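Here is what each chain is made of, one letter per residue.
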Amino acid sequence: RAGRLLQSAWLEQREIGWTNVIKGRVSKCWGMAQNECYKEQYREKKTLSAQVFQIRLIRGLWQFFEGTWFQRNAMLHHEDDSVKHDACNKKIRDFFARRRHL
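**A few points about the packing of aromatic side chains**
Scanning the model with the defined rule gives 3 aromatic pairs in all. Note on tryptophan 10 and tryptophan 18: the rings are 4.7 Å apart at their centroids and 55 degrees apart in plane angle, and the pair reads as tilted. On the basis of relative accessible area, tryptophan 18 is assigned to the partly exposed category, the value being 37%. Measuring from ring centre to ring centre gives 5.4 Å for phenylalanine 64 and phenylalanine 65, while their planes differ by 65 degrees; the resulting arrangement is edge-to-face. Since its relative accessible area comes to 52%, phenylalanine 64 is described here as exposed. The rings of Trp10, Trp18 and Trp30 are connected pair by pair, giving a single aromatic cluster.

Rules used in this analysis
Residues numbered from 1 in each chain as written. Predicted model: local features only at pLDDT ≥ 70, side-chain atom pairs only at ≥ 80, totals over all residues. Heavy atoms only, no water. Phe/Tyr/Trp six-rings, centres within 6.5 Å; stacked < 30°, edge-to-face > 60°. Buried < 20%, exposed > 50% of the residue type's maximum accessible area, 1.4 Å probe, protein only.

In structure tokens form, the structure reads like this:
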């Protein structure tokens, strides 16, 4: 059953559009499939509901994409430590070039 739900989730997400995942528009079948997988594997334990799974999935995706966006902007606009790294690398190369004279 879980396998069929995963296949349905994949097909439904393809219809919704994979780029819509970024906007939090994901197939409800992902949560239903997760629910079935947990029921099959952890019968004696209480598991996440499909709705809680969907919420955590979307929240996790948004955090991932936000982190990726901030990292991209930092690299693009040199807001990271690359300037410090470049200066440090230059000093290392200078010391290495003068190693015999030190």
